[in-house]
Each structure stands twice: as C-alpha cells, then as structure tokens.
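A look at the structure
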Amino acid sequence: GAGVSQTPSNKVTEKGKYVELRCDPISGHTALYWYRQSLGQGPEFLIYFQGTGAADDSGLPNDRFFAVRPEGSVSTLKIQRTERGDSAVYLCASSLTYREKAFFGQGTRLTVV
Amino acid sequence: TQLLEQSPQFLSIQEGENLTVYCNSSSVFSSLQWYRQEPGEGPVLLVTVVTGGEVKKLKRLTFQFGDARKDSSLHITAAQPGDTGLYLCAGPPPGDYKLSFGAGTTVTVRA
C-alpha cells in the first residue's frame, strides 16, 4: 500500500477484554515498530520487529501485551485483560531497515471502559 | 522523567507571526528528529539534524541543532494556519537506537 495502515481506527472495549490491533506496513519495509501515545504525551516505544522476529520488546509494559509478525509483513499487537490505563493511541511505524526514516500509520485509538 | 523536554507545551499565535519551540536534554544525542502530528494522524518526519551547530531550512521552518548536541530548536517564520499541529522532537538516547520522544508542543495558528 501507499502508507502504513492500521485497523481499526478506533476501538472501544470493556475492562478485562482481549483486543487485537493490526498494522500493515509499507511493502518491502523490514523494520516495524509499535508505539503508544497517551494524551498530552509523545509516543513511547513498545516493540521493534526486524523481519519476523521481535528484535527488541523492552518497551512492552507487562506480560498482558504481546505482538507478532509471523510473515515479516503484517503485525498484530495483542492486549489481554485490558485495563483502563491501557487507553491510548497505538501507533505503528515501518522503515526500510531499522536506521532508515520511519513512516507512521494514523494509529488506533483504544478506549477501555 | 522525559529524556527530551519540549517547551512551551502550548503556543497560540496569529497568522503571520513568528514562533520558536525548543527541545532540550541533559544528554548528548547523535541526532535529533522533528515531527509534526495532526489530530487523528501519526507523526510525520520533518527533518533530521546530526551535526552540532547544524541549521536546516524547510521553506519557512528553520531547525537548529545545538553545538553540544543536547538541544534543538524549530523556528517558523510567518506562520500560517496550515502550520497548526503537535510538534515533536525525538532522538535515540545515548547507547540506544530506539527513538525517545518529547511530550511535544501544540501549536495553533489563528487566521
């Protein structure tokens, strides 16, 4: 596609539910990043994939968060037992390689009620 | 504690005025990036500065990297309503490659 695509754009879920957020990176980009942006804050790093493997997951806040990229393209961020504090905009970005310019998607706004 | 501190947090000016936003750190960065983010969108990279003292211009936007590579500024000349947005600075902390973002400056340019 022309840019990084994230679905859904908005997700409202009840506390305790499981959610999946999807990211379609730019075709051919091997590096993929997930960030979380809370209101009034800049994006915070969550996890970085190089190809299919999670090269760095040091930003994941706890074991309720997990992400996969099984074929080195589309990635899914999975959040179990959601909490109200998980409410934020989840941003995905991709780049040709990990030090190249990163392009961000429009984000998924997650609201946990 | 944010590694990159941005100021001011909010800035509202009239069309045609100039403005400057700042990005400061106590750490030395190998490079700093500036992004603009509009509501409902992801950040869009404007520029990367890599050399201490470097000045880069992008139309009416002037970016400067401090000599010691601990700070940067973004100056907009004759601001237009289309310049409205959240301006973020970001850079890889010392010894790291991942981007650390500041909290941003929300700029509103009134017509």
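Residues numbered from 1 in each chain as written. Chains lettered and ligands numbered in written order. Predicted model: local features only at pLDDT ≥ 70, side-chain atom pairs only at ≥ 80, totals over all residues. Heavy atoms only, no water.

**A word on the overall build of chain A**
Assigned secondary structure in chain A consists of zero helices and eleven strands. Ordered by position in the sequence, the α and β elements of chain A form the string β-β-β-β-β-β-β-β-β-β-β. Taken over C-alpha atoms, the radius of gyration comes to 13 Å for chain A, in line with the 13 Å a tight globule of 113 residues would show. Expressed along its principal axes, the backbone C-alpha trace of chain A runs to roughly 35 × 25 × 25 Å. (Helix = DSSP H or I, 4+ residues; strand = E, 2+ residues; numbered from the N terminus. Rg over C-alpha atoms; globule rule 2.2 N^0.38 Å.)

**Remarks on the interface of chain B and chain A**
Taken together, the contacts link 16 residues of chain B with 17 residues of chain A. Between chain B and chain A, the buried area comes to about 1300 Å², and carbon and sulfur atoms account for 57% of it. Area buried by chain B at its contact with chain A is led by Y97, K98 and F101 of chain B, which between them contribute 39% of it. On the surface where chain B and chain A come into contact, there are one salt bridge. Salt-bridge contacts for K98 of chain B lead to D56 of chain A; the nearest nitrogen and oxygen are separated by 3.0 Å. Applying the counting rule to chain B against chain A returns three residue pairs in polar contact (both at pLDDT 80 or more). Counting only elements with at least two residues in the side of chain B that touches chain A, the list comes to β4 (32-37) and β9 (85-91) of chain B. (Contact = heavy atoms within 4.5 Å. Buried area = accessible area lost by both parts, 1.4 Å probe. Salt bridge = Lys/Arg side-chain N within 4 Å of Asp/Glu carboxyl O. Polar contact = N/O pair within 3.5 Å; in protein donor to acceptor, adjacent residues only side chain to side chain.)

**Here's the deal with the state of the cysteines**
Residues and elements named next belong to chain B. On inspection of all chains with the given rule, the structure shows two disulfides over all chains. A sulfur-sulfur distance of 2.0 Å marks the disulfide that ties C23 to C89. Residues C23 and C89 are joined through a disulfide that is right-handed, its torsion about the S-S bond being 75°. Here C89 lies in strand β9 and C23 lies in strand β3 (residues 19-24), a separation of 66 residues in the sequence. Each member of the pair C23 and C89 is classed as buried. (Disulfide = S-S within 2.5 Å. Buried < 20%, exposed > 50% of the residue type's maximum accessible area, 1.4 Å probe, protein only.)

Honestly, it's all geometry; don't read function into it.
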